[in-house]
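These are the residues of each chain, in order.
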Amino acid sequence: MTSDWTSRLTDRRTFIAGTVGTASLLAGCSGISGSSRSGTTDDPVVETGTASTRTPEGGAPSIDDLPDLEGDLTVYLGRGEGGAYSDLVSYLEDTRYEDFSVTLKRGPSSGLANTILTEAANGESPADVFWSIDAASLALVARNGLAATLPADLTGIVAGKFRDSKRRWVGLTGRARAIPYNTDRLTADDIPASVFDIPGKKRFQDALGWAPSYGSFQAFVTAMRHLEGDSRTRQWLNGVQETGVKSYPGEFGVTYDVAQGTVSAGFANHYYALRLKQANPDAPVDLAFTHGGPGALINVAGALVLRSSDRFDLATNFVRHFLTREVQRYLVEHVYSYPLASGVAPPDGGDIELPSIAELDPPDIDLAALGNVKETIRLLRDTGVL
């Protein structure tokens, strides 16, 4: 590795600050410039020269500790995260490893999961690795017996709540549910500790935003159904609608309008506010985090290796690369997601005080349960939310 990790991260910050003017620019721009490979880096935040035998148990290795990637892989990659994932794949095959190549198939994670099931029913899927931006799609493939068992020293890098209990998939990055709020309209004390206490509060009347057709919101409602039951979830959905909530196609739009003052608060993943503040540090937006219930859900993007793959060692080495210190830090800087490998700091929120994963209070829920989205969509339609 060379110091291009540092320059790429610096260029990223400069590019965003200089070009952002719309939601699509904030949500979609990322890139990795090419460079030659060497065995060291002078990036001051990247630990180097540490032999793999000295990597702490359960900790993130350095990318320089791993065997070279050599050979060909077919990777089904869930679309999202502004292209940063596909940029990393390009970096590995085009810059770092000259004898490594990847055939990428991109699409919505749920769609790719169903494609794998269909391909398996007709023989076997050509995919070696499935990389999804949500745990539900990984769980669907695993439940159908199509995922290989990953090595314990790979899955052990990540805390148990963010990986499959049978080691069939592992989380790579995390995203926390949050309440972005306009600091000119509200204070942190105005945001309840539970999402169930939001409906009925006068301060939220005609002042809320949500994105009910968005996958992350539907995962949040699915978690609510599993934790609290359909009846209470229905009551909550109806209660929020009675506030005159404004609907958006995506959660960046919610956060953007919170900063604009169109609405005072909303429901969104944490990283949209961080992206917005990176582009405009003076934007009057902050984040509040609820505790314990579905509003505190942490979902993951993750990966699995297909049982039908005849490239298991290469595929698992490929997945392991995304849990290295360097790649985790890159994703923190580019996607503003939570790192799931231990020893890597959370995103820099600027003047947004972002808690670490250890400081958050997510609900005790098996992320695999988030795969039951059909019932969630039915409930959203029955209540008129969709």
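Residues numbered from 1 in each chain as written. Predicted model: local features only at pLDDT ≥ 70, side-chain atom pairs only at ≥ 80, totals over all residues. Heavy atoms only, no water.

In this structure, Leu92, Phe100, Phe130, Trp169, Phe318, Val319 and Phe322 are the most contacted members of the largest nonpolar core, which totals 89 residues. Beyond its immediate sequence surroundings of up to four residues, Trp169 is in contact with Ala135, Leu138, Ala139, Ala142, Leu150, Phe162, Arg163, Asp164, Val300, Ala303, Leu304 and Leu367. Within the second largest apolar cluster, 24 residues are counted, among which are Ile179, Ile198, Met224 and Val245. (Core = buried A, V, L, I, M, F, W, Y, C linked by side-chain atoms within 4.5 Å. Buried < 20%, exposed > 50% of the residue type's maximum accessible area, 1.4 Å probe, protein only. Contact = heavy atoms within 4.5 Å.)

Here Ala139 lies in helix α5 (residues 135-143). A relative accessible area of 3% means that Ala139 is categorised as buried. A sequence separation of 29 residues divides Ala139 from Arg168, and the C-alpha atoms of the two residues are 8.5 Å apart. (Helix = DSSP H or I, 4+ residues; strand = E, 2+ residues; numbered from the N terminus.)

Bringing the confidence of the model for the protein chain into the picture now. On average, residues of the protein chain score 84 in pLDDT, and 84% of them are at 70 or above. Confidence over residues 1-58 falls short of pLDDT 50; this stretch has 102 contacts with residues more than four positions distant or in other chains. (pLDDT = per-residue confidence, 0-100.)

Taking burial as the measure, the 9 residues of helix α10 (residues 271-279) include 8 buried ones, the bulk of the element. Taken residue by residue, α10 has Tyr271, Tyr272, Ala273, Leu274, Arg275, Leu276, Lys277 and Ala279 as its buried positions.

Of all the 8 residues making up strand β1 (residues 71-78), 6 are buried; the element is thus mostly covered by neighbouring parts of the structure. Where β1 lies against strand β2 (residues 100-107), 8 bridges are found, and the strand directions are parallel. Across the sheet, Gly71 pairs through a bridge with Phe100, a residue of β2. Across 3 bridges, the pairing between β1 and strand β3 (residues 129-132) is parallel. For Val75, the partnering residue across the bridge sits in β3 and is Val129. (Pairing = 2+ DSSP bridges.)

Attention now moves to the packing of aromatic side chains. Enumeration over the complete set of coordinates arrives at 14 aromatic pairs. Measuring from ring centre to ring centre gives 6.1 Å for Trp210 and Trp236, while their planes differ by 55°; the resulting arrangement is tilted. Here Trp236 lies in helix α8 (residues 230-242) and Trp210 lies in strand β5 (residues 208-210), a separation of 26 residues in the sequence. The class of Trp210 is buried, set by a relative accessible area of 1%. A ring pair is formed by Phe220 and Trp236, whose centres lie 5.5 Å apart and whose planes are at 90°; its orientation type is edge-to-face. Of this pair, Phe220 sits in helix α7 (residues 215-228) while Trp236 sits in helix α8; the two residues are 16 residues apart in sequence, bridging distant segments of the chain. Aromatic rings pair up to connect Tyr85, Phe100, Trp131, Phe318 and Phe322 into one cluster. Above the ring of Tyr76, the side-chain terminus of Lys105 is found at 5.9 Å from the ring centroid. It is Lys246 that lies over the ring of Tyr248; its NZ or CZ is 5.4 Å from the centre. (Phe/Tyr/Trp six-rings, centres within 6.5 Å; stacked < 30°, edge-to-face > 60°. Lys NZ or Arg CZ within 6 Å of the ring centre and 35° of its normal.)

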